Every structure is written in C-alpha cells, then in structure tokens.
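Close look at the chain arrangement
Residue strings, one per chain:
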Amino acid sequence: MQQEIRLATFNVRNLALPGTVCYPDLPPCTSAEYEAKIAWIAELTDHFRPDVVAFEEIFSPQAITDIMACSRQFRDATPVCTDVPSRLSHPAPEVALVTRLPLAGTPGTHCHFPENFRISLPGTDTVIDRFSRPVLEVPVLLPNGRILHLYAVHFKSRRPDPVTDNGLSEPLRHGLAMFRSLSRRAADALGVHTLIAQLRQKTGTPVVLMGDFNDTAQAVTTGIATGAQHESEQPLPSLYRLYNVLDVQSPPSFMQENARNTRNTDTGYIDHIFVSDEFTEAGGFSTGRVMDTLYRMPDDTDRPDRSDHPFVMTTIALS
C-alpha cells in the first residue's frame, strides 16, 4: 500500500490557449509561449511528483489536457474541471484539478453560495449570491481505503472593485472599491466554510482545502474559510476547523526550500493548503500526518511562460 500522498496547489497565471484575450490590457500569449508554459508546468509536476494538483487561473480545459499529455506523472491521471456554461465570448479564470488518486464519487462544482446567502456590495445596489470563481469539490479514495474530500478554490483578488465609470482617483472611491473587493473575498470564504461545514456535519469525511486565497494565512478572510476565531471566543468544535499544514506538520520543521521556521507565523504567501482535524495530533492523526510542506517560487516570474505564484505541496503520511 502507498504509505504517503502528496497534495499540491499551483496558480499558473492566466493559462489560456494561444490568441485568447484574457483581459483587455493583457496581450494574448503566442503559440510558442503557450507550448513553453505547458512544458514548464509538466516539468514541475514530474519533478515534485504530486498525487493531486489543484490549478488556478485556467482559461480552458484544453490546457489541462495539454499539461497531462506533456507530463509523465499525470499522463494517466484524471482531470476534473469546473462544470460551468461555456464562456467562449468572455473567458474567465477557473480552477481545475488533476488526480492520480481514484475518484470516490462524482465531483461537484459550486457556483452559488450555500444557504441562499447573499450580500450587498458597499456603495452600490449590487447583490451577489455566487462565488467569484466556482469552487471545485472532488472526493478521492486514499490508498488506506478512506475517502478524502478535496476543495479547490480561488478567492476574489485584492484588485479594487470599482463601480462602472466611477474612477479611483478620489480616496473615498478608491477605499470603497477596495472594500467591495474585500467583501467579495470574505463572501467567498464564508461560502466555502459553509460548504465544508455542511459536508462535515453530514458525513464527517476528512477534508483538504487548497488554492489561491488572495490573502495571507492569518488574514481575516482566510480565517473565515478555516473557522479560526478570536482568542476571546469559545472555539468551534474541531469538526468545523481547518488547520494550516505549516502549523500542524509533525515534527515541527522548516518549510522546504526556505531557511526560516514558519510555524505559527504568516509567510506572506497567498496560496495555502489546510487540512481537517483528522490530520492533527489533537485528532489522533486518524487519517494521516503532515510531514513537510514545500513552497517553490518560479525563477524569472516576469516571463510570460512562467507564473508569479509558488508551487505549494504538502506530503502526508497515511495512517
């Protein structure tokens, strides 16, 4: 039986097919740039050998197929993309997941907030009831026979959210635009936290949440997603808490490829992996034990065939 698994998340930065216009101010990539980026991503996966990778900023499912065809590690893996209506006229960044672990059920795409949750954006009449990017839920079967639910996310960016034709030159307008961006990100976090809490209530299945949170590990928005609470509050039951792999890895150690201890500190990164109580000492390591975590920043992040995000991977020894 396989004794450990490796779970990774990677924002590949605007991976779109050649000629696709992602944003008005961003030139589309050329065929040569696309092929170079696909080869580079495949080389990373082959080097680190993850069992699962969640990808962010994927503009076409075809890009996932091309990565798999170029990768030895994932050539026979299972791709899972969000199930949303075609957006050929207005392509949008989405999450996707590739797994060498077998599926343990039908993957789910969550576009709308659960529990009919809605919020009004500050300074506008806009009411939102959906995630900034659809959330991907994928149940997989672990080698030890247990089912693990993976959630891949990409929360709203920190870029200001201006009202149409309303400039950002005035401090109040700029502040409101940042407030709206923060509100969307917080709503994404609350929606994900609710989805996971509902699953845990119903099944008690172990959970891993990973992706681009567009905020640091100790930010309020990230804490909403993981169930972190202020020290003055009565802690949530462990069923509803998620834990940063850097804080629970055993033995406490250093983040690979970095020379500083990161336990109980904020690394400044915005890409994270969180695990449920079954992977902690308090939970008896009933499903597994987090052994180490790797953050690898790409070289030459300004190149169009590279990313400006780290490749993040955690290794878990199964119980």
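Residues numbered from 1 in each chain as written. Predicted model: local features only at pLDDT ≥ 70, side-chain atom pairs only at ≥ 80, totals over all residues. Heavy atoms only, no water.

Structurally, Thr-126 is set in the loop between strand 6 (119-120) and strand 7 (127-128). The partly exposed category is assigned to Thr-126, whose relative accessible area is 36%. A sequence separation of 37 residues divides Thr-126 from Val-163, and the C-alpha atoms of the two residues are 9.8 Å apart. Those residues in contact with Thr-126, other than ones at most four positions away along the chain, are Ile-119, Ser-120 and Leu-121. (Helix = DSSP H or I, 4+ residues; strand = E, 2+ residues; numbered from the N terminus. Buried < 20%, exposed > 50% of the residue type's maximum accessible area, 1.4 Å probe, protein only. Contact = heavy atoms within 4.5 Å.)

A few words on the packing of helix 1 (residues 31-48) against helix 2 (residues 61-70). Running from N to C, helix 1 and helix 2 cross one another at 55°; their axes reach a closest spacing of 8 Å. The angle between the axes of helix 1 and helix 2 places the two elements in the oblique class. Every pair of crossing elements has a handedness; the one defined by helix 1 and helix 2 is right-handed. Seen from helix 1, the contacting residues are Tyr-34, Ile-38, Ala-39, Ile-41, Ala-42 and Asp-46; seen from helix 2, they are Gln-62, Ala-63, Asp-66, Ile-67 and Cys-70. (Axes fitted to C-alpha atoms, helices over the stretch in contact; angles between N-to-C directions. Parallel < 35°, antiparallel > 145°, perpendicular 65-115°, else oblique. Left-handed = near helix turned anticlockwise from the far one by under 90°.)

It is worth spelling out the sheet that holds strand 1 (residues 4-15) at this point. If you walk across this open sheet you meet the six strands as 3-4-2-1-14-13, and the pairing is mixed. Two strands in the sheet have a free side with no partner beyond their single neighbour: strand 3 (78-81) and strand 13 (288-296). Each adjacent strand pair in this sheet contributes to an overall mean axis angle of 15°, direction not counted. As paired elements, strand 3 and strand 4 (residues 94-99) share four bridges and run antiparallel to each other. Within strand 4, the residue paired with Pro-79 across the bridge is Val-98. Helix 1 contacts strand 1, strand 2 (52-58), strand 13 and strand 14 (311-318) of the sheet and is inclined by roughly 165° relative to strand 1. The strands touched by helix 2 are strand 1, strand 2, strand 3 and strand 4; relative to strand 3, the strand with the most contacts, the crossing angle is about 160°. (Pairing = 2+ DSSP bridges.)

Counted at 1.5 Å a residue, the expected span for helix 3 (residues 171-203) with its 33 residues is 48 Å, and the 48 Å between its end C-alpha atoms agrees. Looking one or two residues past helix 3, Gly-204 carries a phi angle of roughly 70°, positive in sign. (Expected span 1.5 Å × (residues − 1).)

With respect to the helices and strands, the residue Ser-157 is situated in the loop between strand 9 (147-154) and helix 3. Of note is the side chain of Ser-157, whose polar atom sits 3.3 Å from the backbone nitrogen of Arg-159. Once residues within four sequence positions are removed from consideration, Ser-157 is found in contact with Arg-133, Ser-181, Arg-185 and Asn-214. (Polar contact = N/O pair within 3.5 Å; in protein donor to acceptor, adjacent residues only side chain to side chain.)

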